[in-house]
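Here is how the chains run, residue by residue.
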There are 2 protein chains.
Amino acid sequence: MLSVNVNRFLSTFHSLTNIGWTEEGVMRLALNEYDVKVREELIKILSSIGSIISVDDAGNIRGSIRGKSDDYILIGSHMDSVPYGGKYDGFYGVMAGLEILRSIKDLNVTTNYTISLIDFTNEEGARFQPSLLGSGLTTGVFEREYVYSRRDKDNITFEKALIDSGFMGDKNNRLVYNKPEYYLELHIEQGPILEEEGYQIGIPLGIVGLTVYEFTFKGQSSQAGPTPMNRRRDALVGASKFVTRIRDFARNEEDLRATVGILNVKPNIYNAIPREVKLTLDVRSPNKNKIEIAINKAIEISKEIAEEENLEIKYTHLWTAQQVNFDEDVIKTIEKACKELNMRYKFMYSWAGHDAQYMTRISKVGMIFIPSHLGISHAKEEYSSDEDMVNGLRVLQKTIELLDGGI
Amino acid sequence: MLSVNVNRFLSTFHSLTNIGWTEEGVMRLALNEYDVKVREELIKILSSIGSIISVDDAGNIRGSIRGKSDDYILIGSHMDSVPYGGKYDGFYGVMAGLEILRSIKDLNVTTNYTISLIDFTNEEGARFQPSLLGSGLTTGVFEREYVYSRRDKDNITFEKALIDSGFMGDKNNRLVYNKPEYYLELHIEQGPILEEEGYQIGIPLGIVGLTVYEFTFKGQSSQAGPTPMNRRRDALVGASKFVTRIRDFARNEEDLRATVGILNVKPNIYNAIPREVKLTLDVRSPNKNKIEIAINKAIEISKEIAEEENLEIKYTHLWTAQQVNFDEDVIKTIEKACKELNMRYKFMYSWAGHDAQYMTRISKVGMIFIPSHLGISHAKEEYSSDEDMVNGLRVLQKTIELLDGGI
């Protein structure tokens, strides 16, 4: 039986996730100086326990402790953050996997399966859009050309950032060429449900579908003073109506989330009527029809507003992630682990995307959630207690023991 | 009698205002490369006609043709633009003044008054806020320390930009130490009234008052998926309600304009609920009470929204420009000029700020407006016909003759 070292896990987690921490939150954007620093720290620790380390051509870092078989169980998540992000999102899963590898080394047994850990590049999609670029390339969802041509806001390509980071690896190390038997991802819930309802562990049945659109409202700029109120074609008034109407619509629906996250105004000076506003609409639901209905509703609303405010409207589909369901056997194994450890657990859906999503293409996948205080995530206030983190780590450990069958 | 050279005026105007022109509009922001280029061109022409040229410590450029007296009539405006601006705003007034100086030179008479032209720095307030920095310093409204410490969006101070431009002049050249008898500013209306009502010339009685506030809505960022719609504290939803409510309020009032021109979202990524939105509200009216009432209403609305959406709200007074009234004698002289030239003219207010505003502190001031097609300004579509520009130039010429009494 594995025995995780709780103090080692917690001290490694807290010291390393401080890399990139600022007063406004974590700024460890994919492949930036902070991300590179934690990657180097991860590799140091993986080396110190004799892991076999490989890096693929998306910069995904994998460390493995050999078992009796080359078949392997993969534990993964990501260490990049959104701007002004939290300390737990992604980072927790990688640190938990690292502790699992360390505890196998401590025990000095040979597992049936090879046990691997992976840190995926650019999970967040904050520096390079879309999200899940690393897992997308390594699982064969994205073409290399597409991934490499993504640009950040300073117009730097993913390819250049990857080369400059020193983490350009070998195409042959892609997971799709050597698929894991199982993939496990331990993560914070990023929502308020587990805490509010008093559960210690969430077992996601899958990840809800997600569609993102861009809407552009075009009006006519003019000096703020001389144009009478009733002659204006103010793109920001149109966009503002859209933000509130779509929120009001989504609030009255079950199982639907709709968020305007990006909104940019042109020319954005105090004394000019805005001539153009571009915004993104992110729509999620475990019910595929609901997403379609909501997008159609959003388009209808935008057209009504264009009519009311004498604006032009354009909309573009940016991307869709289809709903995925996790492996039933893995879900049952996680449930069994919870029962053996006397954890209060709840089946639920993940409303956020995770690398687990693309891993379902090539592996049997399960996820484990722990409570997020107040449900806050992607913000400096993101918090999960050490106790909850250790609970999750123990469930991960037990699940691996059950899947491996030899520890 | 002066005789302006219409072809010279129009060809100088059209060729020089193309400096800084892009497909999206004019990018001749204060003291940037394009502004510096037109300043150099202006100085070339002023030198070629033997003007006395002086530059003050705000970078305002003045060129003078000596009359019998050192007392002088000043014609002025500005050559800087907003980003994505029009070709006429400000530039027209400087080019018209330049043609007046050239026509005096042509005639080879000595006027009673010295006739001067001034190009004011950073009228727009687009690069450095607030607006009217050049006229503010030279008329004694602003302290030098305040003006010099203003920063653009790249954190460059006005002082550094001024030094780098090569247009740092002498404090002793400030207008406040040598006040003009009269100040005249010829400008496009920037509104639709003259064109719609069929007038050739507008005679502003003054400039309406203006107050600008900044409002900040603070909520809680979180991942866009996992937070249920009814638990959100979305700062952008709050800001959007504000934009539409304040517009609806202003639309139902007489003699009031209210514009949200700047709106910035944090963190501004597609999959995070916005945690903070900062916006500016620009309120104008010829009735001072109306401005106060509107600002109080805006604060009340923001508090209601903060309550409804569980947000925090902060508001800050950025600046106020009091209403100014122009000199009655100058207004009558402009009217007389219009009558002598058989121009259809209308008395009106200027809803936009102009350097004329601060010039009322040290001089007898009048303005002359010409029609703006569709009322569009601060945009690439800004347009006034050559015919209307020449009409304005002729009224300016005639007004100067009447004020001078010796041409």
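Residues numbered from 1 in each chain as written. Chains lettered and ligands numbered in written order. Predicted model: local features only at pLDDT ≥ 70, side-chain atom pairs only at ≥ 80, totals over all residues. Heavy atoms only, no water.

1. Some words on the overall build of chain A
Of regular secondary structure, chain A possesses 12 helices and 15 strands. Seen through its principal axes, chain A has C-alpha atoms that stretch 80 × 45 × 40 Å. Considering only contacts in chain A between residues 6 or more positions apart, those separated by 24 or more positions represent 79%. Total accessible area on chain A is roughly 14900 Å²; 43% of this is exposed by carbon and sulfur atoms. (Helix = DSSP H or I, 4+ residues; strand = E, 2+ residues; numbered from the N terminus. Contact = heavy atoms within 4.5 Å. Areas by Shrake-Rupley, 256 points an atom, 1.4 Å probe, with all protein chains shown as cover.)

2. Brief notes about the sheet that holds strand E9 (residues 209-218) of chain A
Residue and element names in this part refer to chain A. The strand order E10-E11-E9-E12 describes an open sheet built from four strands, whose pairing is antiparallel. Of all the strands in the sheet, the pair left with one neighbour each is strand E10 (257-266) and strand E12 (312-321). Strand-to-strand twist in this sheet, taken as the mean axis angle between neighbours without regard to direction, amounts to 15 degrees. The pairing of E10 with strand E11 (residues 276-285) spans eight bridges and is classified as antiparallel. (Pairing = 2+ DSSP bridges. Axes fitted to C-alpha atoms, helices over the stretch in contact; angles between N-to-C directions.)

3. Notes on the relation of the copies chain A and chain B
The transform that puts chain A on chain B rotates by 180 degrees and translates by 0.0 Å along the axis, for an RMSD of 0.1 Å. When the rotation and shift are considered jointly, the pair of chain copies conforms to a two-fold rotation axis. When each C-alpha of chain A is compared by its distance to the rotation axis, A:Ser240 comes out closest, at 2.1 Å. Looking at the interface residues of chain A, 100% of them are also at the interface in chain B, so both copies use one shared face. (Least-squares fit on C-alpha atoms with pLDDT ≥ 70 in both.)

4. Looking at the sheet that holds strand E12 (residues 312-321) of chain B
Hydrogen bonds between backbone atoms are what pair the strands of a sheet, whose relative direction is either parallel or antiparallel. All names here are of chain B. One open sheet accounts for four strands, arranged E10-E11-E9-E12; its pairing is antiparallel. Each edge of the open sheet carries a strand with a single partner, namely strand E10 (257-266) and E12. Direction aside, neighbouring strands of the sheet carry axes that sit 15 degrees apart on average. Judged from the nine bridges that link them, strand E9 (residues 209-218) and E12 form a sheet pairing that is antiparallel. Pairing of Val-212 across the sheet is with Trp-319, part of E12. Along the sheet, helix H9 (residues 288-309) contacts E9, strand E11 (276-285) and E12; its crossing angle with E9, the most-contacted strand, is approximately 5 degrees.

5. Side note on the packing of aromatic side chains
Under the defined criterion, the tally for this structure stands at 32 aromatic pairs over all chains. With a centroid separation of 4.9 Å and 90 degrees between ring planes, the pair formed by A:Trp319 and B:Tyr270 is classed as edge-to-face. Remark: B:Tyr270 occurs in the loop between E10 and E11 and A:Trp319 occurs in strand E12; the pair is interchain, linking two chains. The pair formed by A:Trp319 and B:Tyr270 is uniform in burial state, with each residue classed as buried. On the numbers, 5.3 Å between centres and 35 degrees between planes, the contact of B:Phe13 with B:Tyr88 is tilted. Taken together, the positions of B:Phe13 in helix H1 (residues 6-17) and B:Tyr88 in the loop between strand E5 (72-78) and helix H3 (91-107) put the pair 75 residues apart, joining distant regions of the chain. Accessibility assignment for this pair places B:Phe13 and B:Tyr88 in one class, buried. In this structure an aromatic cluster arises from ring pairing among A:Tyr213, A:Phe215, A:Phe217, A:Phe242 and A:Tyr315. Positioned above the aromatic ring of B:Trp351, the side-chain terminus of B:Arg257 is 3.7 Å from the ring centre. (Phe/Tyr/Trp six-rings, centres within 6.5 Å; stacked < 30°, edge-to-face > 60°. Buried < 20%, exposed > 50% of the residue type's maximum accessible area, 1.4 Å probe, protein only. Lys NZ or Arg CZ within 6 Å of the ring centre and 35° of its normal.)

6. Considering unusual backbone geometry
All names here are of chain A. The step from Gln-129 to Pro-130 runs through a cis peptide bond, and the omega angle for that step is 0 degrees. Here Pro-130 lies in the loop between strand E6 (114-120) and helix H4 (133-138). For the bond running from Lys-266 to Pro-267, omega is 0 degrees, close enough to zero to count as cis. On the secondary structure map, Pro-267 appears in the loop between E10 and E11. For Asn-155, which is not glycine, the phi dihedral falls at a positive 70 degrees. Tracing the sequence through the fold places Asn-155 in the loop between helix H5 (144-149) and helix H6 (158-165).

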